[in-house]
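Residues per chain, in single letters:
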Amino acid sequence: MMSVQLSAAEVSGFRVWADPVKTRAVLDLDRKTSYKLFTLKDPHRVVVDLQGSSIDIPLKLDKEHAGVITGVRYGQPDKNTLRVVFDLSESAELKSFLLEPTAQYNHRLVIDLFTKSGRQKASMVKHVTDISKPNRDVVIAIDAGHGGEDPGAIGKRKTREKDVVLRIARELKKTIDAESGMRAVLTRDGDYYIPLRGRYEKARKARADLFLSIHADAFKKRTVRGSSVFVLSPRGASSEFARLLADSENASDLVGGVTLKDKDDMLASVLLDLSQSATREASNKVAVDILAALKRTGNVHKPHVGRANFMVLKSPDVPSVLIETAFISNPSEEKRLTEKEFQQRMAKAITRGVRDYFYSSPPPGTWIAANRDGLKYVVARGDTLGGIASRYSVSLNRLRSANKIRGDKILVGRELIIPTS
Ligand SMILES: [Zn+2]
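Residues numbered from 1 in each chain as written. Predicted model: local features only at pLDDT ≥ 70, side-chain atom pairs only at ≥ 80, totals over all residues.

Focus: the overall build of the protein chain
The number of helices and strands found in the protein chain is 11 helices and 18 strands. Per-residue burial for the protein chain yields a buried fraction of 36% across its 421 residues. Long-range pairs, those at least 24 residues apart, make up 72% of the contacts in the protein chain with a sequence separation of at least 6. (Helix = DSSP H or I, 4+ residues; strand = E, 2+ residues; numbered from the N terminus. Buried ≥ 20, exposed ≤ 12 C-beta atoms within 10 Å, placed from the backbone. Contact = placed C-beta atoms within 7 Å.)

Brief notes about the environment of Ser180
Along the chain, Ser180 turns up in the loop between helix H2 (161-177) and strand S12 (182-186). Sequence separation between Ser180 and Ile405 is 225 residues; the distance between their C-alpha atoms is 9.9 Å. Excluding anything up to four places from it in sequence, Ser180 contacts Trp367, Ala402, Asn403, Lys404 and Ile417.

Quick word on the pairing of strand S16 (residues 320-327)
Taken across its 8 residues, S16 has 8 buried, putting it largely inside the fold. When strand S13 (residues 210-217) meets S16, the two strands line up parallel, connected through 6 bridges. When the sheet's bridge partners are listed, Asp217 is paired in S16 with Phe327. Pairing between strand S14 (residues 228-232) and S16: 3 bridges, direction antiparallel. Each bridged residue has a counterpart across the sheet, and for Phe230 the counterpart in S16 is Leu322. (Pairing = 2+ DSSP bridges.)

Thoughts on unusual backbone geometry
Along the chain, Asp42 connects to Pro43 via a cis peptide bond; the corresponding omega equals -10°. By the secondary structure assignment, Pro43 is in the loop between strand S4 (35-40) and strand S5 (45-51). Phi is positive for Arg207, close to 55°, though the residue is something other than glycine. Among the secondary structure elements, Arg207 is positioned in the loop between helix H3 (196-205) and S13. In this model, Lys404 sits at a positive phi of 55°, which is unusual for a non-glycine residue. One can find Lys404 in the loop between helix H11 (396-402) and strand S18 (415-418).

Quick look at the sheet that holds S16
Neighbouring strands of a sheet are bound in pairs by backbone hydrogen bonds; such pairs are parallel or else antiparallel. Strand order in the open sheet made by the 6 strands is S12-S11-S13-S16-S14-S15, with mixed pairing throughout. The two strands at the open ends of the sheet, each matched to only one other strand, are S12 and strand S15 (306-308). Averaged over all pairs of adjacent strands, the angle between their axes in this sheet comes to 30°, without regard to strand direction. When strand S11 (residues 138-144) meets S12, the two strands line up parallel, connected through 5 bridges. By the bridge assignment for S12, Ile142 is matched with Leu186. (Axes fitted to C-alpha atoms, helices over the stretch in contact; angles between N-to-C directions.)

Regarding the confidence of the model for the protein chain
Overall, the predicted model of the protein chain reaches an average pLDDT of 83, with 84% of residues at or above 70. Note that residues 248-263 has pLDDT below 50 and, in this model, 25 contacts with residues that lie over four places away or in other chains. (pLDDT = per-residue confidence, 0-100.)

Here's the deal with H3
Taken residue by residue, H3 has Arg199, Tyr200, Lys202 and Ala203 as its buried positions. Projected onto a plane normal to the axis of H3, the buried residues spread over an arc of 145° and lie on a single side. (Arc of directions from axis to C-beta.)

Examining the sheet that holds strand S2 (residues 10-18)
Across the sheet, 5 strands lie side by side as S6-S2-S3-S10-S9; this open sheet has mixed pairing. Edge positions in the open sheet fall to strand S6 (54-55) and strand S9 (92-99), since each of these has one partner strand only. Sheet topology note: the strand S3 (residues 22-29)/strand S10 (residues 107-115) ladder contains 8 bridges and is antiparallel. Bridge pairing in S10 places Leu29 opposite His107.

Observations concerning the environment of Asn135
Counting through the fold element by element, Asn135 comes out in the loop between helix H1 (116-125) and S11. Residues Asn135 and Ile368 lie 233 residues apart in sequence; the distance between their C-alpha atoms is 7.5 Å. Look past the residues within four positions of Asn135 in its chain and what remains in contact with it is Thr366, Trp367 and Ala370.

Here we look at the packing of H2 against helix H8 (residues 340-360)
Closest axis-to-axis distance for the H2/H8 pair is 8 Å, and the angle between their directions is 50°. In terms of their interaxial angle, H2 and H8 are classed as oblique. Here the hand of the crossing between H2 and H8 comes out right-handed. Residue-level contacts link Arg167, Ile168, Glu171, Leu172, Lys174, Thr175 and Ile176 of H2 to Gln343, Gln344, Met346, Ala347, Lys348, Ile350, Thr351 and Val354 of H8. (Parallel < 35°, antiparallel > 145°, perpendicular 65-115°, else oblique. Left-handed = near helix turned anticlockwise from the far one by under 90°.)

Set out below in structure tokens:
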């Protein structure tokens with residue numbers, strides 16, 4: 001139980017968001033107030049008492065995003081107290097805090113609920129690639145921008161950037177996972193917010209070979225349209241670098257396998273600089289390939305890769321690119337962003353660009369490095385997997401694993417890779 005002493009307030013809004021680890025409930029307030037928070041059992045509940053406060057909205061629960069919260073109601077146990085009660089599906093640990101107003105929101109009381117099952121899920125979410133495994137997949141971290149409290153840009157028809165970029169990110173994961181030698185992970189797979197630095201940290205923890213942040217652009221002039229591709233501007237890179245270097249916990253694992261703690265500062269900064277210029281070069285290359293693929297499929301906003309000081313691109317050791325898929329401020333592109341056909345077209349184009357990049361510069365030890373020179377074979381009518389295997393003198397199992405095929409079914413027109421070495 002906790003208590004914070006401040007003055008009275010009116011509750012004017014209520015939202016919930018569940019991410020894989022916690023459920024977050026937010027109460028909008030017109031000013032700071034004092035509150036008490038405690039839990040009850042049988043059944044599990046969380047009770048929030050707001051001193052001298054009132055409420056002028058119905059508390060509607062968005063069931064789809066409500067996580068551990070199954071119901072919400074309020075009452076007045078005495079004249080000076082507004083009591084809000086959350087019903088829970090299981091017991092939860094609480095964390096609560098007050099937030100100051102921002103451009104978008106007024107004062108807020110935030111209550112985070114952590115459940116046991118959430119913590120278990122979180123430990124399963126952690127996925128580390130064993131990079132010493134031969135012929136490993138290249139790992140692409142896909143970051144759907146914004147989420148939760150942060151809707152991103154909003155179109156004229158109220159389309160929210162956070163929703164459409166998540167759909168594009170999911171399509172992109174599908175097309176990447178369908179490629180041999182490539183695997184995608186999502187930084188978020190739901191409607192919740194991840195801090196910017198947390199996004200690239202997730203990519204680093206997953207040992208990603210590439211980080212793609214997916215967004216939709218907005219501009220005052222509604223006629224502006226097309227996709228753009230960005231990399232970090234060198235100036236932004238060096239400032240983040242200084243911060244990371246100052247933070248010894250971060251610096252220790254910046255350069256793959258090299259511990260910097262026991263190196264002097266000068267050497268550490270040289271090592272980091274080397275790693276970072278390689279990252280920058282790779283980012284540029286992949287950005288050029290993605291932009292080229294986008295040019296072939298649709299409208300691009302500018303013919304060159306842009307440079308900007310985006311925090312989310314500041315990973316010093318994972319090549320990072322930000323893609324503005326279209327302008328949500330342009331009415332026809334806003335409509336298109338909501339359409340599955342466009343989302344898939346974007347996903348395919350980006351995948352093509354990523355594929356071109358990895359096939360021209362495959363990281364050593366990856367499946368692509370070993371197989372990029374393999375023969376390509378397009379399945380014709382009447383072909384069987386066994387027939388193709390014997391024609392090219394490769395074992396059936398090898399052919400299966402090179403193409404991620406489980407059984408014996410192959411579709412006419414599919415391109416197979418015939419392993420050569
Ligand atoms: Zn955005």
